[in-house]
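If you want the building blocks of each chain, they are given just below.
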Amino acid sequence: MSGLVDLGYGAGFWLLPRLPRAAVAPLFNGAADRGFRGYRRGKPGKGTATLARNLRRVVGEDLPQPEFDALLRRALRSYARYYLEAFRLPGRTKPQLVAGFRLGGGEVLGHNHAAGIGSIVALPHAGNWDAAGAWVAANGWPITTVAERLKPESVYLKFLAFRRSLGMEILPLTGGDRPVFDVLEERVRAGSVVPLLADRDLTPRGIDVDFFGGRTRMPAGPALLAVRTGAPLYVADMWFEPDAPVGRLSAPIPMPGADEGSLDARVRIVTQRVADRFAEGIARHPEDWHMLQRFWLDEPAVSAVA
């Protein structure tokens, strides 16, 4: 199975940038619609079932089922669109990468870099975060982020090469030559943009937060970097428009003062503030939140329906 996964990703990274979008988009939409039909038949795949449960938590039980079904179908198509457009990024020139993504308030990242100030950006798994990173790099601003070690290792290496080819410095979450946080702190202090996917961390190291009426955990990294360095911490709202992936940066998260508690307490305060900003953005664009994994602590893992 791992060999087939490796072959599939390899074909995607090599082939999709070389084919017209109109030729391949129907294949991705078709795959999303097959997942939706399985859901309607009462036999969803594990990812589809988990996405449906997560979206229901976001929109609430009062949304009528036909409207929820339409939302889920759009969400599955949005997830497919992420992969389609991400795979096609390496075939684009720098001007195309800049034109292919819009970030409201994004000019602040360039202003900060010119002033020698690093920027920390907390991102949800929404819209197209690879297009966002490519946009930063194509603008000529140094960018460093972190990648989880996927399995099989060959797939992780393909994603590593893919993101590095777009101009991003990628640090492995585990197994690097140096502690990843130390490197991130150096990059922030040197004026780099450091975007971090930060809406899910169910490990014991995660910070408990309130989110859409339930408890989940989010990583401490963005908050800890901001508290330790004094660099501004932005939260990005990410979604798709018909013509392009887009995003918007909110004003920097207010930092608690040293008199408001220990370092740990301040990191918890900031992480909850990040979670609140994420919730605002996801509520505006729930169909573009690609959360196909277990998310809330009070919910069991979903099993695929046979």
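Thresholds, definitions, all that
Residues numbered from 1 in each chain as written. Predicted model: local features only at pLDDT ≥ 70, side-chain atom pairs only at ≥ 80, totals over all residues. Heavy atoms only, no water. Pairing = 2+ DSSP bridges. Helix = DSSP H or I, 4+ residues; strand = E, 2+ residues; numbered from the N terminus. Axes fitted to C-alpha atoms, helices over the stretch in contact; angles between N-to-C directions. Buried < 20%, exposed > 50% of the residue type's maximum accessible area, 1.4 Å probe, protein only. 1 Å grid on protein atoms, 1.4 Å probe; cavity = no way out; pocket = protein on both sides within 12 Å on 5 of 7 lines; lining within 4 Å. Points joined across faces, edges and corners; volume = space filled by probe spheres on them. Nonpolar A, V, L, I, M, F, W, Y, C, P; charged D, E, K, R; others polar.

K.L.:
Now, about the sheet that holds strand 8 (residues 233-241): what can you tell me, with residues and values included?
P.N.:
Within a sheet, neighbouring strands are paired by backbone hydrogen bonds and run either parallel or antiparallel to one another. The strand order 1-9-8-2-5 describes an open sheet built from five strands, whose pairing is mixed. Two strands in the sheet have a free side with no partner beyond their single neighbour: strand 1 (102-104) and strand 5 (193-197). Across the sheet, the mean angle separating the axes of adjacent strands is 30° when strand polarity is ignored. In this structure, strand 2 (residues 119-123) lies alongside strand 8, joined through three bridges in parallel fashion. Bridge pairing links I120 to L233 in strand 8.

K.L.:
Talk me through the pairing of strand 8; I want residue IDs and the actual numbers.
P.N.:
Across the nine residues of strand 8, eight count as buried, placing the element largely inside the fold. As judged from the six bridges shared by strand 8 and strand 9 (residues 244-249), these two strands associate in the antiparallel manner. Counted as the bridge partner of E241 is A244 from strand 9. In this structure, the hairpin formed by strand 8 and strand 9 is closed by a connection of two residues.

K.L.:
Give a detailed account of the pairing of strand 9, specifying residues and quantitative values.
P.N.:
Counting buried positions along strand 9 gives five out of six residues, so the element sits mostly inside the fold. Pairing analysis gives three bridges linking strand 1 to strand 9, with the strands arranged parallel. Looking at the pairing, L103 lines up with G247 of strand 9.

K.L.:
Lay out empty space enclosed by the protein with the relevant residues and their values.
P.N.:
Enumeration according to the criterion identifies four cavities of 30 Å³ or more in this entry. Taken as a whole, the largest cavity encloses approximately 110 Å³ of empty space. Forming the boundary of the largest cavity are 16 residues, of which V121, L123, A132, V136 and P195 lie nearest the centre. Elements with a minimum of two residues in the lining of the largest cavity: strand 2, helix 7 (129-138), strand 5 and strand 8. Here the element with the most residues in the lining of the largest cavity is helix 7; it accounts for five residues. Looking at the lining of the largest cavity, its residues break down into 15 nonpolar, one polar and no charged. Of the pockets and cavities examined, the second largest cavity occupies roughly 60 Å³. P124, D237, M238, G281 and I282 are, among the 13 residues lining the second largest cavity, the residues nearest its centre. Looking at the lining of the second largest cavity, the elements with two or more residues in it are strand 8 and helix 11 (263-284). Along the lines of polarity and charge, the residues of the lining of the second largest cavity split into eight nonpolar, two polar and three charged.

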